[in-house]
Amino acid sequence: MPLNDDLFVLFKDFGVSCTAGSITAKANLSQPAEVLIDDQVLSTDYMLSARTADFGHLQYGDSITVDGGSYTVRSVRKIDDGLLVEIMLQKT
């Protein structure tokens, strides 16, 4: 079943400001995974949930600024009906 609600409302209160190229919009950032070796953090992957219309064009290696921090795109995957994307990021 497609989402019929206005997706701007989804990010309005809890979203952070994101900029990729000339596009600035709000999205939700979470920290889902850390890669550990001998109890040391080797890398941390972050997940950004966003509207496909805003950031669905991103590809591996692209840069994005999220809440003032610099990140590199690791992967982009459409969710459900394609209105939202999950973007895996690595902090640079």
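All of these numbers come straight from a predicted model, not from anything done at the bench.

A. The nonpolar core, seen in detail. Counting 16 residues, the largest nonpolar core has Leu-48, Phe-55, Ile-64, Ile-87 and Leu-89 as the members making the most contacts within it. Elements that contribute at least two residues to this core include exactly strand E1 (16-20), strand E2 (23-37), strand E3 (40-51), strand E4 (63-66), strand E5 (69-79) and strand E6 (84-91). Sequence-distant contacts of Phe-55, that is, excluding residues within four places in its chain, are made with Cys-18, Ala-20, Ile-23, Ala-25, Ala-50, Ile-64, Val-85 and Ile-87.

B. Expanded view of unusual backbone geometry. The residue Asp-67 is not glycine, and still its phi comes out positive at about 50°. Backbone geometry at Asp-80 places phi at a positive 50°, although glycine is not the residue there. Along the polypeptide, Asp-80 turns up in the loop between E5 and E6. Look at Asp-80 and you get exposed, because its relative accessible area is 82%.

C. Spatial organisation of the pattern of salt bridges. Within this structure, the stated rule accounts for three salt bridges. Here Asp-45 ties to Arg-74 by a salt bridge, and the two come within 2.5 Å at their closest N and O atoms. One end of the pair, Asp-45, is in strand E3; the other, Arg-74, is in strand E5, with 29 residues separating them in the sequence. Look at Asp-45 and you get buried, because its relative accessible area is 14%. Among the salt bridges present, the one from Asp-54 reaches Arg-51, with a minimum N-O distance of 2.9 Å. On the basis of relative accessibility, which here comes to 11%, the residue Asp-54 falls in the buried class.

Calculation rules
Residues numbered from 1 in each chain as written. Predicted model: local features only at pLDDT ≥ 70, side-chain atom pairs only at ≥ 80, totals over all residues. Heavy atoms only, no water. Core = buried A, V, L, I, M, F, W, Y, C linked by side-chain atoms within 4.5 Å. Buried < 20%, exposed > 50% of the residue type's maximum accessible area, 1.4 Å probe, protein only. Helix = DSSP H or I, 4+ residues; strand = E, 2+ residues; numbered from the N terminus. Contact = heavy atoms within 4.5 Å. Salt bridge = Lys/Arg side-chain N within 4 Å of Asp/Glu carboxyl O.

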